[in-house]
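# Overview (structure and organization)
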Amino acid sequence: MYIIKVKGVAKIPDYVQLRDDKFTLLAYFRVDRPEKSLDKIGLSEHYDYIMNVVKELPFGKILKLDL
């Protein structure tokens, strides 16, 4: 799984993309509202880990997550 943090502009907030190994989009959520999306794809138990990664991840970088 891959994670990408996308910088928002003006009124558009920052977003996070979660993609599988074939780079298919699994989830797309606002940085400040991840709960519903993570729960929907079955990753709610990894919430703390994913959000800590998001906090440290620079905008525009792709990082491989091993969950």
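Residues numbered from 1 in each chain as written. Predicted model: local features only at pLDDT ≥ 70, side-chain atom pairs only at ≥ 80, totals over all residues. Heavy atoms only, no water.

An unreviewed UniProt entry lists the chain under the name Fructose-6-phosphate aldolase, with Mucilaginibacter achroorhodeus given as the organism.

Using the criterion set out here, one finds two salt bridges in the structure. With a closest N to O distance of 2.9 Å, arginine 30 and aspartate 32 form a salt bridge. Look at arginine 30 and you get partly exposed, because its relative accessible area is 23%. (Salt bridge = Lys/Arg side-chain N within 4 Å of Asp/Glu carboxyl O. Buried < 20%, exposed > 50% of the residue type's maximum accessible area, 1.4 Å probe, protein only.)

Spatial strand order, β3-β2-β1-β4: four strands in an open sheet with antiparallel pairing. Looking at which strands have only one partner, the edges of the open sheet turn out to be β3 (25-30) and β4 (62-64). When the angles between neighbouring strand axes are averaged without regard to direction, this sheet yields 20°. As defined by bridge partners, strand β1 (residues 2-6) adjoins strand β2 (residues 15-19) across five bridges and the pair is classed as antiparallel. Note on β2: the bridge partner recorded for valine 6 is tyrosine 15. (Pairing = 2+ DSSP bridges. Helix = DSSP H or I, 4+ residues; strand = E, 2+ residues; numbered from the N terminus. Axes fitted to C-alpha atoms, helices over the stretch in contact; angles between N-to-C directions.)

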